[in-house]
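# Topology and contacts: notes
Single-letter residue listing:
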Amino acid sequence: MLDFLNLTVRLAAPVLLVALGGLFSLRVNIFNIALEGFMLFGCFASVVGAYLTGSVLGGILFAAAVSLLMTMVYALFVFELDVDPVICAIAVITIAGGLTRYLLIPIFHTSGRYILPPELALPTVNLPWLEAIPVLGPILNNHSILVYLALVLPFLLHIFLYKTDLGLSMRSVGLNAEAAASAGISVKKVRYFALAMNGILCGLAGAQLALSLNLFNVGMTNGRGFTALAALTLTGFEPILTLLACLLFGASDALVLMLSGEGYPVQILSMLPYVLALVVAIVPPIVRRLAKNARRRRAERTLMAPGRECPAQE
Amino acid sequence: MEPVVRMVGITKRFPAIVANDSVDFTLEAGQIHALVGENGAGKTTLMRVLYGQYAPDEGEIWVGGERRSYNVAGALALGIGMVHQNFMQIPEMSIVENIILGHTPKRLGFVNYRQARQRVQELLTRFGMKNSPDAPISSLCVGERQKIEIIKVLYLGARVLILDEPTAVLTPQETTELFGILRELKAEGTSVIFISHKLREVIEIADRITVMRKGRVAAGFDGGGVDETAVAQAMIGKQDVQLLQNDKAADIGAAVLEAKNLWCFDGDGVPKLRNLSLQVRAGEILGVGGVEGNGQSQLIDILVGMLQASGGTVTLAGEDISRCSIRERRDRGLGYIPEDRMTTGLALEGDIDENLICGCDNRGPFSRMGLLMRKAIRENTGRMIESFDIRGVSAGKPVKSLSGGNMQKIVLAREIARNPKVLIAAQPTRGLDIGAINFVREHLLARKRGGTAILLVSADLEELMSLSDRLIILYEGSCAGEITDLGTVSEADIGLLMGGVTRRKKEG
Amino acid sequence: MGAKTAALDLRGLKHWALGLVSPVCAILISFIMAGIVVVFSGGNPLEAYGALLRGAFGSAAGLRNTVRYTLPIIMLALSFSLCDRCGYFNIGQEGQMFTAALAVAWVPQFMGGAPGFLQILVMVLLGALVGGVMSLIPALLKFLLGINEIVIGVLLNYIATLLSSYMLLHASFADPNSSMPMSYLIEAALPAAAMVGGVVLIVLVYGLGMQRTVPGYELRMIGKNPRFSRACGLPTVRIILIMALIGGAFSGLAAVGEVAGVYHKMYEGFAAGMGYNGMTAALIGKGGSVGMVFGSLILGALQSGSVTLSVETSVPAELVQVVQGFVMFFATVNILRFGFRRNRKGGN
């Protein structure tokens, strides 16, 4: 069980990092569907970076840099050239898929998948003092530095959003850009900043995904960007709630990994995260709708009762 | 003494028009300066230039004796603040957050909420508001939100306060309260620029009146005892343009449109219409007034069929249409001039042919067996252009390039040419110039004489008083009062009804 | 009168020509960008494009292949643009294709004895129906509950792909003797002529119907302003849902053609990545039928030429996907408008 929870935390980390990246975009009212593409760039760049520099850190930094560059190109197209953000995002995903698949061949002389030497895998950190804590220790110990970053970030982000000036500006831009502009906030700068953070976090997510397995696989993000979007719509872009939602997805990934070893059909098991994301995206709006209808019906019953001709107007 | 603000030769061009054409404008310290003019005269543009939102193409701005050029942040730093017509507020955020937005007091890199809250609390108290600084803006009513806008500007230490049509959404009583605040500010030395087109108010409050017309300064008056007609003529630019009035003489027939016991709730279960009943008779214009947001749009949507009522019935010529689709209602003789012609009244990307036949496209003469009859459609367009004097259209071109008046003529042509039994007109003259307003009024009155029952919803009290045969005022979704004899009531009486202060028993 | 119409025609021609500038520029820029990628990876772009061109148009077989790849893209482009006009972003085309293909593969199982044409007929109807229903799910969720259709569509794509992988291993139509997951051979084959004829017919009906019929008019108006259309009494919701259904049916038909007309069996991942082709072609054509066919032809030629590319040069065939991504990227920029953008700024 503790193994399972440990695995859950590890598998949740990439989704969480992408989701937090997406949170930046959604908070400034950019529905960034291209998360998937930026993360894939991050995966590929981390492997290339690690390979070229011979160090894991090089891989991580390269991933963040490339993903940042790509989000800035995307931002340029969306903000400066008035391009439809949705189509542009899908173009980014297509290019990410095509370019990583193509470049694999000239760079690594292989097709479809490249495995790094094991010494370039993301190292895990073993903290003896953490290990000593019962239950929590074995779950939280032995993770990579990026996993720890992912676990701490939601809390930092919460403070950033609600306690700092830039956080206030970001929230206001997302809720009403016109009002923000009229208060003297440079909406464009805030948006560029948010997308830059989005890019860096997507890059880190890709690095965690690829380097923890020390390999790159074509299309290895497998819809995690979209899963993250589903999680975000569930949590209403609240960082700490997003942490919880992503742990749920981590658990479903962990379940797939554990059960597929025991002879259950892999394809059906693999559907689990997607089905979960579907449920997460569909159920809350239905519940909200039902709650609304219930409230309305209750109001109708109490106010429209016969005999009350002109209520609540004293 | 050096004026606070001096704008010299300001010119601002937009692709289609010259919004300001070498305008000079001077504001003295402690002055309430009214800027009046028709819609599109360039008042708001001039003030946005002053507020740093638009850079002028030509001209100079002198603030406090120095020539300046700046953006919004720069204007705020110079002590120039603007309250926009549509509030620049974020309803989901708290009062304090809205006020400190963009100018937060900081401590160690974090927002110093304690200090901000304290200062905001002081300002709230000063304006007689009992709300907590942490209450969300969405919990305030319109008058309170306006005060917050003013506080927002004062929080920044503004010495020049620009108010863009501040009274448009207020009841007469709230307006009086606002004027009290403005006089107080003036006494403290703050200068106020007050944009309006309501002359009576302007004359009441202003020390100086500048009249704009077609992007230029048309005239200037010193406040106190100015003749209203002189200002009006400067505004309009012709000698004797009079708005058309309802002569209230025509025959009024039997009830055609009848709504009984309408109820409507929003998603939170808050009632938007409470047991509202009304009837409109043939040849009658029933005015529906009230402060915006008191159920007018829900009433219209229910009558037209865009919204399903929670309870109650709607009948048209004796037939219950409560369950009918929009198309069925229109086929039975319902016409609808929507409040917003840009989003609901027209397809801006469509051409005039497409806009004129929408809703009638599925029957003769415009189509046969599912095929569009292009010749008939084109002939119809020709007829409409002629009889409604629509100008500036070219075949196959989107209607979005037309002027507001010509757009509204297309809407009128589509809705009136079908000779409806009932016409629902929501804010039919909003944003139009006087010529176009009279054009719309003329057609509404002609339909009335032709026996159409007309429901006129308007936020403009003057319009309601001069066009309606009968008037009802909505307050919080129910009828606060009905006025059958419009000659006997004053605007102040109606204002009390609008504010929910008094109610009138329905007569009869 | 005669002169007047001539002048009008000339203006129309100019308008049409200007409309071509953007997509053609987008395609050129994309090839240049992809060329740069090729140079950096040590290849020769001119050689690569030469090979692509020869492969796509240089021989009868190549031409036939180009047409074969173009047909499904046309169907997908029609599907996308039909849905797009209603404000429904149909990104679920792959999922629609996979599920429709499953239905097609299943048909011989329950009517194996029936005459071939009957089987084909059922495959076409069933494929269209299944595709349509799959497309209706996100559309319903969007218009009834306001849920973003792109997230739902993509998730459904993943689920449908996994489902078909599973079915191709375990369902009654799965061929247990093959080395990779695939269905049994489908004996009743859809003839090529019927496919070409069918697509031409659908394009004509689409093009004329959009301009000349009442449903086409109403769809255009909904595309321009749904709120206005509704206020004028058009049955907006019904039309949108019907269009989502038809759009999905078109994707389903594309799958029917692939499975019953080209491969004569369904195999794992046969439609992977195809959904973005239709979208790209529709973007190039900006919703017009001629432009869409043109865009589909370019993408079809890229695919058909990619075989020659990998055989004759050292440039990998994966380049095609890069070009396609760039086309999509640049097709979204309205280059003409960008030129005039400076004058557009400001205004209330």
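Predicted, not measured: the structure shown is a model, and the values here were computed from it.

Bringing the sheet that holds strand S16 (residues 311-316) of chain B into the picture now. Residue and element names in this part refer to chain B. Taken together, 4 strands build an open sheet; the order of strands is S14-S13-S16-S17 and the sheet is antiparallel. This sheet does not close on itself; its edge strands, each paired only once, are strand S14 (271-281) and strand S17 (319-320). When strand S13 (residues 255-265) meets S16, the two strands line up antiparallel, connected through 5 bridges. Counted as the bridge partner of Trp 263 is Gly 311 from S16.

Turning next to the sheet that holds strand S24 (residues 478-483) of chain B. Residues and elements named next belong to chain B. If you trace the 6 strands from one edge of the open sheet to the other, you get S18-S21-S22-S15-S23-S24, paired in mixed fashion. At either end of the open sheet lies a strand with only one pairing partner, and these are strand S18 (334-337) and S24. Here the average twist between neighbouring strands, direction ignored, is 20°. Sheet contacts for helix H14 (residues 404-416): S18 and strand S21 (422-426); angle to S18, the most-contacted strand, approximately 175°. Across the sheet, helix H15 (residues 434-449) touches strand S15 (285-289), S21 and strand S22 (453-457), and the angle it forms with S22 is around 145°.

It is worth spelling out the interface of chain A and chain C at this point. Taken together, the contacts link 37 residues of chain A with 33 residues of chain C. Where the side of chain A that touches chain C is concerned, the elements lending two or more residues are helix H4 (85-108), helix H11 (224-235) and helix H13 (266-303) of chain A.

Residues and elements named next belong to chain C. According to UniProt, the "transmembrane region" (unreviewed entry) feature falls on residues 20-46, 117-141, 150-169, 189-210, 231-256 and 319-340. Summarising residues 150-169: 100% helix, 0% strand, and an end-to-end C-alpha distance of 29 Å. Summarising residues 189-210: 86% helix, 0% strand, and an end-to-end C-alpha distance of 32 Å.

Residues and elements named next belong to chain A. According to UniProt, the feature "transmembrane region" (unreviewed entry) maps to residues 7-24, 30-52, 59-77, 83-104, 145-162, 192-216, 228-251 and 271-291 in the numbering used here. Annotation note: span residues 59-77, helix share 100%, strand share 0%, distance between end C-alpha atoms 27 Å. Overall, residues 192-216 shows 80% helix and 8% strand. The separation of its end C-alpha atoms is 29 Å.

Moving on, we come to the nonpolar core. The biggest cluster of nonpolar side chains holds 307 residues, and the ones touching the most others in it are Ile 424 of chain B together with Ala 101, Val 104, Leu 155 and Leu 319 of chain C. Lining this core are residues from two domains, each supplying at least three of them: domain 1 (5-236) and domain 2 (255-333 + 420-498) of chain B.

Residue and element names in this part refer to chain A. Among the structural elements, Leu 157 can be located in helix H7 (residues 145-163). It is 9.5 Å that separates the C-alpha atoms of Leu 157 and Phe 24, two residues lying 133 residues apart in sequence. Contacts of Leu 157, omitting those with residues within four sequence positions, involve Leu 20 and Pro 239.

For the rest of this paragraph, the subject is the interface of chain A and chain B. Across the contact, 26 residues belong to chain A and 28 residues belong to chain B. At 7 residues, H13 of chain A tops the list of elements feeding residues into the side of chain A that touches chain B. Considered class by class, the residues forming the side of chain A that touches chain B number 11 nonpolar, 6 polar and 9 charged.

Definitions and limits used
- Starting from 1, residues in each chain are numbered consecutively following that chain's sequence as written.
- Think of it this way: whatever chain is written first is A, whatever ligand is written first is 1, and the rest follow in order.
- For a predicted model such as this one, the threshold for reporting local features is a pLDDT of at least 70, and the threshold for listing and counting side-chain atom pairs is 80 or more; totals across whole chains, interfaces and linings nevertheless cover every residue.
- At least two DSSP bridges between two strands are required for those strands to pair.
- Secondary structure elements follow DSSP: runs of H or I of four or more residues count as helices, runs of E of two or more count as strands, with numbering from the N terminus.
- Every axis in this analysis is a line fitted to C-alpha atoms, fitted for helices over the stretch in contact. Angles between the N-to-C directions lie between 0 and 180 degrees.
- For the purpose of contact definition, each residue receives a C-beta atom placed from its backbone, and two residues are in contact when these atoms lie within 7 Å.
- UniProt positions are given in the numbering used here, feature names are shortened, and annotations may be inferred rather than shown by experiment.
- We call a set of buried Ala, Val, Leu, Ile, Met, Phe, Trp, Tyr and Cys residues a nonpolar core when their C-beta atoms link them within 7 Å.
- Labels follow a simple rule on C-beta atoms placed from the backbone: if 20 or more others lie within 10 Å of a residue's own, it is buried; if 12 or fewer, it is exposed; otherwise it is partly exposed.
- Boundaries of every domain are those given by an automatic assignment or by a domain database.
- Here the nonpolar group is Ala, Val, Leu, Ile, Met, Phe, Trp, Tyr, Cys and Pro; Asp, Glu, Lys and Arg are the charged ones; every other residue, Gly included, is treated as polar.

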